[in-house]
Amino acid sequence: MKKSHSESSRSDLDNKTITLIESIAGLVRANIEDGKLPDIKLPVRSLDNVTYDRAKGYFELGDARKMRSLTVTTARSFAQTLRLMGNLTTMVEHDDFATKREIYYISKNWGDCRFGEQAESDAIMDDIEAMASMQGLSREQLRFYPESHGGSVAGRLTVVDRNPATGEAIEIDCANLGSGAYSIPRSAEHLTFRTDARFVLAIETGGMFQRLNNHRFWETARCIIVEMGGVPTRATRRFIRLLSDRQNLPVYCFVDCDPYGFTNIYRTLKVGSGNAAHINRFLCVPRARFLGVIPQDIIDFGLEDATHPLTTTDIKRAQDALQNDPFIMAHPEWIAAIRQLLQMGVRAEQQALAKWGLNFVIDDYLPKKLASVSSFLP
């Protein structure tokens, strides 16, 4: 059968999205026509339903599934799921998108099946995304965009974007933005890159990013620096992943020395999380390595009097990682580092390096660490 103009102009992924939604809707309709109550099979999204394979490099969804069946008590959520999939199809067909907040408001004209609060629409959106992920489709390919954009980027990189109205290429030279930086867009799928950098340095805090950028650390280190701003957003993770893959670049992470930095910020960037196991393969950065700050740095760089005691929450998070985190448990190096931190009973921020001078991190710490990449934690 000859394709219509709209079908032929869509990408393969767009067509795959439409096909997936139509197949689910077709099964629901077939059940109804056969006099059966329809249902939709959904992956279970939790740390209990993930596996970690060092060769793959990320948390992967297990085989556990849940059924969303049409019953008296679930009629509303079942209808919401189908209505949301219908809107998704429309967005793909019209090359449009919606944020999570807009999805919530779209439902206000759905009558009795409208969402009462955004938590409802977020949960169903996550379920649809989980189903689509099993077919290799991400949320951005479903046209659900996050509210927050990514972090900041500077250094030896040219980003090739496009004018959304004309499709004309737009080049952004991240080495010539003065004291500013390039802001990662909500979706990075269409971007291409040019660079002569040797690596990407992902930095936890905005203050440290600004210091390295203002002193053009990336120029002499021949790198690209990216501000994560705490736990990196989806957009930031996807950008770093695409940059690493497409330019064959290693990624080094410069994070605070505490359980949160280890298990929430770094672990999320490298292998993902249990709740988002259905999208980890799109967002995680398997080539990431942990540059520092590590517990041994506190000793080696004389930071003992620039530390803070571990809180009860820190200790609980560290102990939980040792006992339940598949990533930590798979790496003896991480087990040893967290045990050392617990034994020391302290944590250290990136900024503690300023004890030896504001630019000690540029002149001493980072050059020494980068001279021994093989010692970075996995």
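Here we summarise the structure given alongside this text. From a predicted model like this one, the values you see are computed outputs, not experimental measurements. (Residues numbered from 1 in each chain as written. Predicted model: local features only at pLDDT ≥ 70, side-chain atom pairs only at ≥ 80, totals over all residues. Heavy atoms only, no water.)

1. Quick notes on the packing of helix H9 (residues 259–271) against helix H14 (residues 332–344)
Moving on, step 1. Across the interface, H9 lies against H14 with an axial gap of 10 Å and an inter-helix angle of 145°. Residue-level inspection shows Pro259, Phe262 and Tyr266 of H9 in contact with H14, the latter providing Trp334, Ile338 and Leu341.
Moving on, step 2. Looking at side-chain class alone, the contact of H9 with H14 contains six nonpolar, no polar and no charged residues. (Axes fitted to C-alpha atoms, helices over the stretch in contact; angles between N-to-C directions. Helix = DSSP H or I, 4+ residues; strand = E, 2+ residues; numbered from the N terminus. Contact = heavy atoms within 4.5 Å. Nonpolar A, V, L, I, M, F, W, Y, C, P; charged D, E, K, R; others polar.)

2. A word on the side chain of Thr81
Moving on, step 1. Within the secondary structure, Thr81 is located in helix H3 (residues 75–93).
Moving on, step 2. Those residues in contact with Thr81 that lie beyond four places of it in its chain are Ile40, Arg68, Ile124 and Ile128.

3. Topic: the sheet that holds strand S7 (residues 152–155)
Moving on, step 1. Read from one edge to the other, the open sheet built from six strands follows the order S10-S7-S13-S12-S14-S15, with strand pairing classed as mixed. The two strands at the open ends of the sheet, each matched to only one other strand, are strand S10 (182–183) and strand S15 (288–292).
Moving on, step 2. Here helix H6 (residues 206–214) sits on the sheet in contact with S7, strand S12 (199–203), strand S13 (223–227) and strand S14 (251–254), set at roughly 150° to S13.
Moving on, step 3. On top of the sheet, helix H15 (residues 360–370) reaches S12, S14 and S15; it is set at about 135° to S15, its chief contact. (Pairing = 2+ DSSP bridges.)

4. Notes on H9
Moving on, step 1. Counting buried positions along H9 gives 11 out of 13 residues, so the element sits mostly inside the fold.
Moving on, step 2. Taken together, the buried positions of H9 are Pro259, Gly261, Phe262, Thr263, Ile265, Tyr266, Arg267, Thr268, Leu269, Lys270 and Val271.
Moving on, step 3. The first or second residue beyond H9 is Gly272, which carries a positive phi of 95°. (Buried < 20%, exposed > 50% of the residue type's maximum accessible area, 1.4 Å probe, protein only.)

5. Quick word on the pairing of S13
Moving on, step 1. Counting buried positions along S13 gives five out of five residues, so the element sits mostly inside the fold.
Moving on, step 2. What you see with S13 is no split at all: Cys223, Ile225 and Glu227 on one side and Ile224 and Val226 on the other are buried throughout.
Moving on, step 3. Inspection of the sheet shows S7 paired to S13 by three bridges, in the antiparallel sense. When the sheet's bridge partners are listed, Val153 is paired in S13 with Val226.
Moving on, step 4. Where S12 lies against S13, five bridges are found, and the strand directions are parallel. Each residue of the ladder has a partner; that of Ala202, found in S13, is Val226.

6. Considerations on the pattern of salt bridges
Oppositely charged side chains are able to pair whenever their charged atoms sit close together.
Moving on, step 1. Under the criterion given, the structure shown has 16 salt bridges.
Moving on, step 2. Note that Asp245 and Arg241 form a salt bridge whose closest N and O atoms lie 2.7 Å from each other. Taken as a pair, Asp245 and Arg241 lie in helix H8 (residues 234–247) at a separation of four residues, close to a single helical turn.
Moving on, step 3. The salt bridge partner of Lys368 is Asp364, with a shortest N-O separation of 3.2 Å. Of the two residues, Lys368 and Asp364 are both situated in helix H15; the distance of four residues between them amounts to about one turn of the helix. (Salt bridge = Lys/Arg side-chain N within 4 Å of Asp/Glu carboxyl O.)

7. Quick notes on the environment of Arg281
Moving on, step 1. As for its placement among the helices and strands, Arg281 is situated in helix H10 (residues 280–283).
Moving on, step 2. Considered as a pair, Arg281 and Val361 are 80 residues apart in the sequence and their alpha carbons are 33 Å apart.

8. Some details on the nonpolar core
Moving on, step 1. If you look at the biggest cluster of nonpolar residues, it comprises 79 residues, and the most contacted ones within it are Leu201, Phe239, Phe254, Trp334 and Tyr365.
Moving on, step 2. Residue contributions to this core peak at six residues, all from H15.
Moving on, step 3. Once you skip the residues sitting within four places of it in the chain, Phe239 turns out to touch Val153, Leu157, Val159, Tyr182, Ile184, Ala188, Leu191 and Phe193.
Moving on, step 4. Counting 27 residues, the second-largest nonpolar core is a separate cluster that includes Ile103, Cys113, Ile128 and Ala132. (Core = buried A, V, L, I, M, F, W, Y, C linked by side-chain atoms within 4.5 Å.)

9. Concerning the sheet that holds strand S9 (residues 169–173)
Moving on, step 1. Strand order in the open sheet made by the three strands is S9-S8-S11, with antiparallel pairing throughout. Lying at the two open borders of the sheet, with one neighbouring strand each, are S9 and strand S11 (192–194). Here the strands of the sheet are splayed against their neighbours by 25° on average, with no regard to which way each runs.
Moving on, step 2. Inspection of the sheet shows strand S8 (residues 158–162) paired to S11 by three bridges, in the antiparallel sense. Bridge pairing links Val160 to Thr192 in S11.
Moving on, step 3. Running over the sheet, H8 touches S8 and S11 and is turned about 60° from S11.

10. Topic: the packing of H3 against helix H5 (residues 118–133)
Moving on, step 1. In the contact formed by H3 and H5, the axes pass within 10 Å of each other and the chain directions differ by 65°. Here H3 and H5 pass one another in a crossing that is right-handed. Residue-level inspection shows Arg76, Ser77, Gln80, Thr81, Leu84, Met85 and Leu88 of H3 in contact with H5, the latter providing Glu120, Ser121, Ile124, Met125, Ile128 and Met131.
Moving on, step 2. Among the residues forming the contact of H3 with H5, the class breakdown is seven nonpolar, four polar and two charged. (Left-handed = near helix turned anticlockwise from the far one by under 90°.)

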